[in-house]
Amino acid sequence: MWSGPRNISTALMYSFENRGDTKISDEPFYGYFLSGNKIMHPHKNLIIKKMETDKNKLINYLSDIQNIKSKKIWYQKQMTHHINIKDDISWINKIINCFLIRDPLDVIISYKKIYKDISMNVIGLEQQNKIFDYVLKNINHNPLVIDAYDLRNKPEDTLKIVCKKLNINFMQNMLQWPKGPKKDEGIWGRDWYQNVWKTTSFIKKENNKKLEINKNIEDLYAQAKIFYDKLYKYKI
């Protein structure tokens, strides 16, 4: 599942994990991303130490279905901004690629609550667009695209369509999950997941169309919206 940051990607990961037949990998390229960037994230050195940072080893692991072991589904929560825009992404031919999108205004506003410095690179829409174009051209002419607004406001209807397109059974327990940290999530959960830890289901969200766009994010939003609108045309 290819998503940018400040989306509801963790909630969707919890949804799949709660099926019981699904293995999850939480942001497997995070260590690789941090090791190659000057950006300072909480517990950066610890994350780099604990995670695999060799890109080729990561690719080999993530693209080998044998690593699913006893589970039926392998849900890989991938952050698009963890992928270098210049990276060769041909390895994704071996996996099923889905996309989670969110109105970039929501993303930008949410991100700025944590970090003042924000750019196209850190919100991941340009990288997501590159991955989407590759999938469209080489793998699937109609990729699965989920809009966060639909997932939050119509979770059952949306997840039923998702499951149908993925040829898996929908389960009612995808609509809820237990509060608190999860066993297989990243060690960064304590810094980034505290809000979602308080939830047990998808929370409805009103449309932000009435919000005024602050001048200091106008250019960024306009650029990001081009990529978002492109993927939005394919949403389920």
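Shown above is the structure to which this text applies.
What counts, and where the lines are drawn
Residues numbered from 1 in each chain as written. Predicted model: local features only at pLDDT ≥ 70, side-chain atom pairs only at ≥ 80, totals over all residues. Heavy atoms only, no water. Helix = DSSP H or I, 4+ residues; strand = E, 2+ residues; numbered from the N terminus. Expected span 1.5 Å × (residues − 1). Contact = heavy atoms within 4.5 Å. Phe/Tyr/Trp six-rings, centres within 6.5 Å; stacked < 30°, edge-to-face > 60°. Buried < 20%, exposed > 50% of the residue type's maximum accessible area, 1.4 Å probe, protein only. Lys NZ or Arg CZ within 6 Å of the ring centre and 35° of its normal. 1 Å grid on protein atoms, 1.4 Å probe; cavity = no way out; pocket = protein on both sides within 12 Å on 5 of 7 lines; lining within 4 Å. Points joined across faces, edges and corners; volume = space filled by probe spheres on them. Nonpolar A, V, L, I, M, F, W, Y, C, P; charged D, E, K, R; others polar.

Student: Just to check I follow, could you spell out helix H7 (residues 125-138) for this structure?
Tutor: Given 3.6 residues per turn, any residue in an α-helix points the same way as the ones three and four places further on. The first and last C-alpha atoms of H7 sit 20 Å apart over 14 residues, in line with the 20 Å expected at 1.5 Å per residue. Buried residues in H7 make contact with strand S1 (2-3), strand S4 (98-101), helix H5 (104-112), helix H6 (120-123), strand S5 (144-147) and helix H12 (218-232).

Student: For this particular structure, what's the right way to read the packing of aromatic side chains?
Tutor: Applying the stated criterion to the full structure yields eleven aromatic pairs. Their ring planes at 90° and their centres at 4.8 Å tell us that Tyr 30 and Trp 188 sit as a pair that is edge-to-face. With Tyr 30 in helix H2 (residues 30-35) and Trp 188 in the loop between helix H9 (155-166) and helix H10 (189-192), this residue pair connects regions lying 158 residues apart in the sequence. Overall, Tyr 30 belongs to the buried group, its relative accessible area being 2%. A relative accessible area of 3% means that Trp 188 is categorised as buried. Arranged with centres 5.6 Å apart and planes meeting at 45°, the rings of Tyr 228 and Tyr 232 form a pair that is tilted. Placement of the pair is Tyr 228 and Tyr 232 together in helix H12, with a separation of four residues, close to one helical turn. Note on Tyr 228: relative accessible area 8%, which makes it buried. Relative accessible area serves as the criterion here: at 37%, Tyr 232 is assigned to the partly exposed category. Within the aromatic cluster, the residues linked to one another by ring pairs are Trp 2, Phe 29, Tyr 32 and Trp 91. The ring of Trp 74 carries the charged tip of Lys 23 above its face, separated from the ring centre by 4.4 Å.

Student: I would appreciate a short explanation of the environment of Ile 168 in the present structure.
Tutor: Mapped onto the elements, Ile 168 comes out in the loop between H9 and H10. Sequence spacing of Ile 168 and Asn 37 is 131 residues, and the spatial spacing of their C-alpha atoms is 38 Å. Filtering out sequence-adjacent residues up to four positions away, Ile 168 remains in contact with Phe 16, Arg 19, Ile 73 and Cys 163.

Student: What should I look at first to understand the layout of surface pockets in this one?
Tutor: If you add up the space inside the largest pocket, you get close to 910 Å³. Breaking the lining of the largest pocket down by element, the ones donating at least two residues are helix H1 (9-17), strand S3 (73-79), H5, H10 and helix H11 (194-197). Top contributing element to the lining of the largest pocket by residue count: H5, with four residues. Its residues placed into classes, the lining of the largest pocket shows 16 nonpolar, eleven polar and nine charged. Approximately 490 Å³ is the volume found for the second largest pocket. If you trace the second largest pocket, you find 21 residues lining it, with Ile 73, Trp 74, Tyr 75, Ile 95 and Ile 96 closest to the centre.

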